[in-house]
Amino acid sequence: KADPAAEAVWSRVGDIWEEYREALRECLEGLDARSREVVVLRFGDAASRAGMARKLGLAEEGVKTLLRRAKEQLKTCVEGKIQ
């Protein structure tokens, strides 16, 4: 038989996860097109930095910087929506 306390924790985790996913979706839509593309390439397509650089016409260091900035924007946005 399931532990009621464990079930309650799991239920809350599921609620938080859905809230986080919705916030992330909204924040991703709020990024400029280039930032959104680099995030999708990296995390959606699992593209390498070299592959992203070729596709975006950037140096690998430029991809690294663009991705870092996009991740920072997403983090700030999601944290603002979750709080």
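Notes on the structure follow. The structure displayed is predicted, hence computed values, not measured ones. (Residues numbered from 1 in each chain as written. Predicted model: local features only at pLDDT ≥ 70, side-chain atom pairs only at ≥ 80, totals over all residues. Heavy atoms only, no water.)

Inspection of the entire model under this criterion finds three salt bridges. For K81, the salt bridge identified is with E26, shortest N-O distance 3.1 Å. In this pair, K81 is assigned in helix 4 (residues 60-82) and E26 in helix 1 (residues 4-30), connecting sequence segments 55 residues apart. A residue is classified by how much of its surface remains accessible, and E26, at 37% relative accessible area, is partly exposed. For E72, the salt bridge identified is with R68, shortest N-O distance 3.4 Å. Of the two residues, E72 and R68 are both situated in helix 4; the distance of four residues between them amounts to about one turn of the helix. (Salt bridge = Lys/Arg side-chain N within 4 Å of Asp/Glu carboxyl O. Helix = DSSP H or I, 4+ residues; strand = E, 2+ residues; numbered from the N terminus. Buried < 20%, exposed > 50% of the residue type's maximum accessible area, 1.4 Å probe, protein only.)

Counted at 1.5 Å a residue, the expected span for helix 1 with its 27 residues is 39 Å, and the 39 Å between its end C-alpha atoms agrees. The residue sitting at the N-terminus of helix 1 and contributing the capping side-chain oxygen is D3; that oxygen lies 3.1 Å from the backbone nitrogen of A5. (Expected span 1.5 Å × (residues − 1). Polar contact = N/O pair within 3.5 Å; in protein donor to acceptor, adjacent residues only side chain to side chain.)

Moving on to the packing of aromatic side chains. Per the stated rule, a full pass over the model turns up one aromatic pair. Arranged with centres 5.7 Å apart and planes meeting at 25 degrees, the rings of W17 and Y20 form a pair that is stacked. Taken together, the residues span about one helical turn, with W17 and Y20 both in helix 1 at a distance of three residues. What makes Y20 partly exposed here is its relative accessible area of 34%. The side chain of R42 reaches across the aromatic face of F43, ending 5.8 Å from its centre. (Phe/Tyr/Trp six-rings, centres within 6.5 Å; stacked < 30°, edge-to-face > 60°. Lys NZ or Arg CZ within 6 Å of the ring centre and 35° of its normal.)

Further remarks concern the packing of helix 3 (residues 49-56) against helix 4. Their axes nearest at 8 Å, the elements helix 3 and helix 4 cross at an angle of 95 degrees. By the angle between their directions, the pair helix 3 and helix 4 is classed as roughly perpendicular. When helix 3 is examined against helix 4, the residues R49, A50, M52, A53 and L56 are found in contact with a partner set consisting of E60, V63, K64 and L66. (Axes fitted to C-alpha atoms, helices over the stretch in contact; angles between N-to-C directions. Parallel < 35°, antiparallel > 145°, perpendicular 65-115°, else oblique. Contact = heavy atoms within 4.5 Å.)

In contact at an axis separation of 9 Å, helix 1 and helix 4 are set at 130 degrees when each is read in the N-to-C sense. Regarding the angle of helix 1 to helix 4, the classification is oblique. The crossing of helix 1 and helix 4 is right-handed. Of the residues in helix 4, those in contact with E19, Y20, A23, L24, E26, C27 and L28 of helix 1 are L74, C77, V78, K81 and I82. For the contact of helix 1 with helix 4, a count of residues per class yields nine nonpolar, no polar and three charged. (Left-handed = near helix turned anticlockwise from the far one by under 90°. Nonpolar A, V, L, I, M, F, W, Y, C, P; charged D, E, K, R; others polar.)

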